[in-house]
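In case you want the letters, here they are:
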Amino acid sequence: MSTPATASGVRVRIAPSPTGEPHVGTAYIALFNYLFAKKNNGTFILRIEDTDATRSTPEFEQKVLDALKWCGLEWSEGPDIGGPYGPYRQSDRKDIYRPFVDKIVENGHGFKCFCTPERLEKMREAQRAAGKPPKYDGHCLHLSAEEVAARVEAGEPHVVRMKIPTEGSCKFVDGVYGPVEIPWDAVDMQVLLKADGMPTYHMANVVDDHLMKITHVARGEEWLASVPKHILIYQYLGLEPPVFMHLSLMRNHDKSKLSKRKNPTSISYYSALGYLPEALMNFLGLFFVQIAEGEEMLTMDQLAEKFDPENLSKAGAIFDIQKLDWLNGRWLREQLSEEEFVQRVLSWAMENDRVRQGLKLSQSRISKLGELPDLAGFLLKSDLGLTPEAFAKVKSTPEEILEVLNQVQPDLEKMPEWTVESIEAELRASADRLGKKLKVVVAPLFVAVSGSSRSLPLFDSMAILGRSVVRQRLKVAAQVVASMVGSGK
Ligand code: GLU
């Protein structure tokens, strides 16, 4: 198979790591790449970067694919559809990287490092104490070839690190930042191959971008500091680096990095609340175009037409939810026919089977159908309008409720799976940790999640709502309860 005849040579990719709920930041970078490909008649590729085997899961990978599809960002090559440069999942490419690492070592640009995790920790501690940034100290840099061979022969665990020039700086031109200069002194002797034979992100990323013929790498600004390592790996392998473009991060209103503690960041949160994917893409796409006031409403085709990667701001893209709400409202009112609107509402309600599941749970709890909106309406609401009065029937004090909410939130975050069973198990464990009965933990959660103390079973409801909506509801509940603390409820 070869690239389609219509495609220009431009090849770009989104390379998410499936280690959590797909983030709107991923959609933002993906959209940039998608528009870049569209504008240049190029090819947009999806590659799954799962070299971090402890944090990557197939469940999250599926969610990334679903979320990007929901956004309307279709790729021409990817793990689900294949393509001429596959496989497109790094864990399926393990054997591909080794020869590249060997070449770097053979040419004297890399070295085997036998330092134990304990030694590295001590080294970092000493660096911290001395107020220096943590960096490998070169302990194994000058081991003799005989010693290295003997230690490898003896089966001693080791990694491969890259050498870094001892003086000067790395100069490159970034498509957004312009000329950048980073002193080599600030660059760590990066591990390229881990002790288990798996490449690190840096190694796999460079090799794959090369083998997949990526011409432009557009990604978040958090990777800008890694460019010297990447350029060096390209040089060590005798390869030409792609063009780099580092996009400013999306930020909260207060300019801090967009994080789920302040704003909902999961794509699934926005789909669950009934934002249209077109409106979300329109909103994110506005960061990549120059338009006059009044021209904000743009379809994907119009975004591609106006797409202007030369004039991006370095200031940071502010995630202004009010603007998103405004755009979404306009999309609902102005861009959909009545019939389309009805269809959209119905498919939104059925998303993830939530209405069907909610109805099944409701059947044994009502005496007439008209009670359904009160009983199960919370499954569809964007805002429960929670007030202190909602907690009136909960027997604990506001302090105790707050303690429960504060314990449960991080516990739910670290669950690898989000199912009725895993939620129940985690909440039982949370109750144990707090030294409280399960019902003491469950009672305030009931209110936080459903807005009422009479509703559907809690674990099922949480599973139906999804992690990102539950996260937001617990956060809002904690704010409401915090306002009650000390007020003698
Ligand atoms: N796997 C990296 C991430 O999830 C990709 C960075 C890149 O595009 O090079 O952010």
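Definitions and limits used
- Residues numbered from 1 in each chain as written.
- Predicted model: local features only at pLDDT ≥ 70, side-chain atom pairs only at ≥ 80, totals over all residues.
- Heavy atoms only, no water.
- Salt bridge = Lys/Arg side-chain N within 4 Å of Asp/Glu carboxyl O.
- Helix = DSSP H or I, 4+ residues; strand = E, 2+ residues; numbered from the N terminus.
- Buried < 20%, exposed > 50% of the residue type's maximum accessible area, 1.4 Å probe, protein only.
- UniProt positions renumbered as here; feature names shortened; annotations may be inferred.
- 1 Å grid on protein atoms, 1.4 Å probe; cavity = no way out; pocket = protein on both sides within 12 Å on 5 of 7 lines; lining within 4 Å.
- Points joined across faces, edges and corners; volume = space filled by probe spheres on them.
- Nonpolar A, V, L, I, M, F, W, Y, C, P; charged D, E, K, R; others polar.
- Phe/Tyr/Trp six-rings, centres within 6.5 Å; stacked < 30°, edge-to-face > 60°.
- Lys NZ or Arg CZ within 6 Å of the ring centre and 35° of its normal.
- Axes fitted to C-alpha atoms, helices over the stretch in contact; angles between N-to-C directions.
- Parallel < 35°, antiparallel > 145°, perpendicular 65-115°, else oblique.
- Left-handed = near helix turned anticlockwise from the far one by under 90°.
- Contact = heavy atoms within 4.5 Å.
- pLDDT = per-residue confidence, 0-100.
- Arc of directions from axis to C-beta.
- Expected span 1.5 Å × (residues − 1).
- Near = heavy atom within 4 Å.
- Polar contact = N/O pair within 3.5 Å; in protein donor to acceptor, adjacent residues only side chain to side chain.
- Areas by Shrake-Rupley, 256 points an atom, 1.4 Å probe, with all protein chains shown as cover.
- Sits in = over half its atoms within 2 Å of the grid points.

Participant: So, the pattern of salt bridges: which residues are in play, and what are the values?
Facilitator: Summed over the entire model, instances satisfying the criterion amount to 33 salt bridges. A salt bridge links E147 to R151; the shortest N-O distance between them is 3.0 Å. Of this pair, E147 and R151 both sit in helix α5 (residues 145–153), 4 residues apart, roughly one helical turn. On the basis of relative accessibility, which here comes to 23%, the residue R151 falls in the partly exposed class. D411 is paired through a salt bridge with R433; the nearest N and O atoms lie 3.3 Å apart. One end of the pair, D411, is in helix α15 (residues 398–413); the other, R433, is in helix α16 (residues 420–434), and 22 residues separate them in sequence. Here the residues in one salt-bridge network are R13, R47, E49, R93, D208 and D209, joined through shared partners.

Participant: Just give me the short version of the UniProt feature "short sequence motif: 'HIGH' region" (unreviewed entry) in the chain, but keep the residues and values in it.
Facilitator: Look at the UniProt record and you will see "short sequence motif: 'HIGH' region" (unreviewed entry) annotated at residues 16–26. Helix makes up 27% of residues 16–26 and strand 0%, and the two end C-alpha atoms of the span are 7 Å apart.

Participant: Tell me what's going on with the layout of surface pockets, and back it up with residues and numbers.
Facilitator: Space left empty within the atom packing is revealed by a probe, the size of a water molecule, rolled over the atoms. Of the voids in this model, the largest pocket is the one considered here, and its volume is about 1,400 Å³. Lining the largest pocket are 49 residues; nearest its centre among them are S17, T19, H23, T26 and E222. Taken together, the elements giving at least two residues each to the lining of the largest pocket come down to β1 (11–14), α1 (24–39), α2 (58–70), α6 (201–211), β8 (216–220) and α19 (467–484). No other element matches the 4 residues that α1 contributes to the lining of the largest pocket. Grouping the amino acids of the lining of the largest pocket by side-chain chemistry returns 19 nonpolar, 16 polar and 14 charged. Roughly 640 Å³ of internal volume is contained in the second largest pocket.

Participant: Could you give me a rundown of unusual backbone geometry, with the residues and numbers involved?
Facilitator: Following G86, the chain continues into P87 via a peptide bond in cis, with omega recorded as -5°. Summarising the element assignment, P87 is placed in the loop between α2 and α3 (94–106). Positive phi is not limited to glycine here, since N41 has a value of about 55°. With respect to the element layout, N41 can be found in the loop between α1 and β2 (43–46). At N352, a residue that is not glycine, the phi angle is positive and equals roughly 50°.

Participant: Give a detailed account of the packing of aromatic side chains, specifying residues and quantitative values.
Facilitator: This model, assessed by the stated rule, comprises 15 aromatic pairs. Both rings, one in Y34 and one in F44, keep their centres 5.7 Å apart while their planes meet at 90°; by these two values the pair is edge-to-face. Of this pair, Y34 sits in helix α1 while F44 sits in strand β2, placing them 10 residues apart in sequence. Across this residue pair, the class does not change: Y34 and F44 are buried. An aromatic cluster is defined as three or more aromatic residues linked by ring pairs; in this entry it consists of Y28, F32, F36, Y269, Y270, Y275, F283, F287, F288, F307 and F319. For R161, the ring lying beneath its charged end belongs to Y136, and the centroid distance is 3.8 Å. R354 extends its terminal NZ or CZ atom over the ring of W348, reaching a point 4.6 Å from the ring centre.

Participant: Before we move on, can you summarise the packing of α15 against α16 with the specific residues and values?
Facilitator: One can describe the packing of α15 onto α16 by two numbers: an axis separation of 10 Å at closest approach and a directional angle of 130°. Taken as axis vectors, α15 and α16 run oblique relative to one another. With respect to the hand of their crossing, α15 and α16 are arranged in right-handed fashion. Across the interface between the two elements, E403, V404, Q407, V408, D411 and L412 from α15 touch E426, L427, S430, R433 and L434 from α16.

Participant: Quick one: what's the story with the confidence of the model for the chain, residue by residue and with numbers?
Facilitator: With 98% of its residues at a pLDDT of 70 or more, the chain has an overall mean of 93. Every residue in residues 1–5 scores below 50 in pLDDT, and together they form 5 contacts with partners more than four places removed in sequence or on other chains.

Participant: Can you tell me about empty space enclosed by the protein, naming the residues and giving the values?
Facilitator: In this structure the tally under the stated criterion is 1 cavity of 30 Å³ or more. Put simply, the largest cavity is a space of about 30 Å³. Together, K260, N263, P264, T265, S266, Y269, S468, R471, Q472 and K475 line the largest cavity. Of all the elements, α19 adds the most residues to the lining of the largest cavity, at 4 residues. Looking at the lining of the largest cavity residue by residue, the class counts come to 2 nonpolar, 5 polar and 3 charged.

Participant: Got a sec to walk through α3? Specific residues and values, please.
Facilitator: Within the sequence span of α3, burial applies to Y97, F100, V101 and I104. Down the axis of α3, the smallest arc covering the buried residues is 100°, so these residues share one side. Facing away from the buried side of α3, by more than 90 degrees, are the exposed residues D95 and E106. Those residues of α3 that are buried are in contact with β3 (110–113), β4 (159–162), β7 (191–193), α6 and α7 (227–236). G108 lies just past α3 and shows a positive phi near 80°.

Participant: I'd like to hear about α15, residue by residue, with values.
Facilitator: Given a rise of 1.5 Å per residue, 16 residues ought to cover 22 Å, and the 23 Å separating the end C-alpha atoms of α15 matches this to within 8%. Of the positions making up α15, those classed as buried are P398, I401, L402, V404, L405, V408, D411 and L412.

Participant: Outline the site of the ligand, supporting the account with residue identities and numerical values.
Facilitator: Close to the ligand lie R13, A15, P16, S17, E49, Y201, N205, R219 and W223, which account for all nearby residues. Interatomic distance of 2.8 Å between a backbone N/O atom of A15 and a nitrogen atom of the ligand. Contact between the ligand and Y201: an oxygen atom at 2.8 Å from a side-chain N or O atom of the residue. Look at the ligand: alone it shows 300 Å² of surface, and the protein chains cover 83% of it. In a pocket analysis with a 2 Å cut-off to the grid points, the ligand is assigned to the largest pocket. Partitioned by chemical class, the residues of the shell around the ligand number 4 nonpolar, 2 polar and 3 charged.

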